[in-house]
Each structure stands twice: as structure tokens, then as C-alpha cells.
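A look at the structure
Below, each chain spelled out in residue letters.
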Amino acid sequence: SVNGVLRAHVVMMEAWLEEVLWLAEHNYPQDFYLYADTIKYATVEEQRNFLLAPPIFELMKMARTQLDSASCCEVIRRYAQDIQLQQGNALGWTALADSENRLGQGKYLSSVMADSIIVDFDSPYALRMDLTSSVLSETPLPALGAVREQILTKLSDALKLIDEVASTAGQLIRNTTRCIRVRVSNSTNTAAETDPNTIGEMRLLNYHFKDKDIIEVADTLIHESLHSFLAMYELQHGSFVAFSQSSLVRPVSPWSGNPIPYNAFTHAVYIYFALFEFYRLLYPHLSDAAEKKQV
């Protein structure tokens, strides 16, 4: 179920944290005991908020799989600082799961959607460059004034529409998406993506463009949140694809016509079937003839 996968993901992350704390205590005691008292009194909610932050997932995965001393020490440092900020009710965001924005203590102009999803325009994570990413490879421009408000309004209206039409999809988005990183660029391109190595983070490029209307944005929110949902599921149960990738055989996407990896094809089957079901519910909900035609 939508909630069951999230609960299992949190339990897995709690086990990862225990491993990292054990490694830190036994191998780097000087660093561990510096923060031990703060960590000891963390509440379940504070720990959960920390563990669901997208950058923390990436850091924890590295610390656990590589037994990397620097990563282990960074986890406990970030954990202690994040707990202190939550206990101090920093920015009033005790229910949010993005430690980078809490640690920024207000210098990043993020907004909050649906009480728990950070819409991030200018934290270091939103502005970082990554040439392997269709969104983060674009040189960022400041998202100011009307552009920022336009994007925030589209996102809020799209989530409201999803809640009205398919409440399970709305719950899916809230469960799996902790932060939406938004990039504005000089490019005429638009893009949306998630990275299974950064579960909980959705990235959007140039979603202030006119063609990204409410229905398109709703499509994106469901599509990208499902990627995180499937990544959580595979992390718990293993890959949907049980055989090795081969360059000799690649499925062809019936949507784009491009050859794609087995795993991406399998995810696409789930995602486009879910979107079909959403549009099937959306069609009779609409009264505008142009919107019905679009659907």
C-alpha cells in the first residue's frame, strides 16, 4: 500500500541509522561523543524528519555501504544539528523533512506546500550543477517575484486537483516527495526528474512556461512521486528486473520510441498505467471542453 511502503522505508532508514551510529561510536568515539547527548534525546518524529530528508538518504547510503569515516561523522553531526533546530522550532518547520533548509536558518527562500513538501528555489541543493541531470545541468537563473509565485500556484493548484480526483495519488505524493527543487534557466527546455539515489527529491525545470498548465503539473507530480515510491519498494524487496542488463537487447519505449534500460521500462509500465487511471478519473471531473480534449 501507499502508506505501507513509506512505513517500511522509515524502518529501513532507522536500521541504517543504528548501523552508522554504531560504526561512529566504535571507530570514531571522539566525534560520536561530541553529539551523543543530543542524539540520545531525539524524539521519534525528529528522527523521522531527519531520515526522510533527501540529502540524508544519499549520505546514509554512502556511510553504510562504504563504511566511510567522513560520511559516518557527517551523519551524526547533521543529525545532532538537525535535532537541535527542530527542538528550537527553527522557522516553525518541525514537521518538515529537509535538514538543509533547516540548517540554512532562513537564508534560503523556500516555500512549503501541503504542510510537508518544501518547494526549494535557491538552497545549495537546488542550485548545484550536475551534468548527468536533465534539470541540474542547466545554468540556474534567480526565480524571482512573479515567476516564483506562478510556479508555486501551479504546484498548489495541481495538488488540489489531484486530491479532488484521486485522493490516493495525493497521499502518494505527500508520502514520497519531501522536497521539490525548482530550476529556472535561459533554455527553452522543460524537464522533470527524480534520482533513485536521492529518494524524496523531485526536480523541475522551467515550469513557469505556459505549456506547463495545471493538468501537466498534476501529471508530473504523480509521475515523479511514483518513481520515488518504486525506488523505495525496490530498496526493500529488490529490483523488479531479475536479470543482468545487456547492450544486445533493449526494450523500446512505446511512449518515446527510444531504447531504454529494462528497469526504466518496468517503472514506465507502472507509471503510465497509474497516469491512465488518473486521467480516466479526471475526465468526467472536468467541465471545460478544452481541458477534456487535452485529457
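Predicted, not measured: the structure shown is a model, and the values here were computed from it.

**Quick word on empty space enclosed by the protein**
In the structure shown here, the tally under the stated rule is one cavity of 30 Å³ or more. Here the largest cavity is characterised by a volume of approximately 40 Å³. Along its surface, the largest cavity is lined by His-9, Leu-51, Leu-52, Ala-53, Phe-57, Arg-178, Ile-199, Gly-200 and Met-232. Here the lining of the largest cavity is built from residues that sort into six nonpolar, two polar and one charged.

**Some points on the side chain of His-223**
Among the secondary structure elements, His-223 is positioned in helix 10 (residues 214-237). If sequence neighbours within four positions are ignored, His-223 has contacts with Ile-271, Tyr-272 and Leu-275.

**Considering the packing of aromatic side chains**
Counted by the stated rule, this structure contains eight aromatic pairs. An angle of 20 degrees between the planes, with centres 4.4 Å apart, marks the rings of Trp-255 and Tyr-272 as stacked. Here Trp-255 is found in the loop between helix 10 and helix 11 (262-282), whereas its partner Tyr-272 is found in helix 11, with 17 residues between them in sequence. Under the relative-accessibility criterion, Trp-255 is labelled partly exposed at 40%. Above the ring of Phe-121, the side-chain terminus of Arg-148 is found at 4.3 Å from the ring centroid. If you follow Lys-292 out to its NZ or CZ, it ends over the ring of Tyr-283, 4.1 Å from the centre.

Conventions adopted
Residues numbered from 1 in each chain as written. Predicted model: local features only at pLDDT ≥ 70, side-chain atom pairs only at ≥ 80, totals over all residues. Heavy atoms only, no water. 1 Å grid on protein atoms, 1.4 Å probe; cavity = no way out; pocket = protein on both sides within 12 Å on 5 of 7 lines; lining within 4 Å. Points joined across faces, edges and corners; volume = space filled by probe spheres on them. Nonpolar A, V, L, I, M, F, W, Y, C, P; charged D, E, K, R; others polar. Helix = DSSP H or I, 4+ residues; strand = E, 2+ residues; numbered from the N terminus. Contact = heavy atoms within 4.5 Å. Phe/Tyr/Trp six-rings, centres within 6.5 Å; stacked < 30°, edge-to-face > 60°. Buried < 20%, exposed > 50% of the residue type's maximum accessible area, 1.4 Å probe, protein only. Lys NZ or Arg CZ within 6 Å of the ring centre and 35° of its normal.

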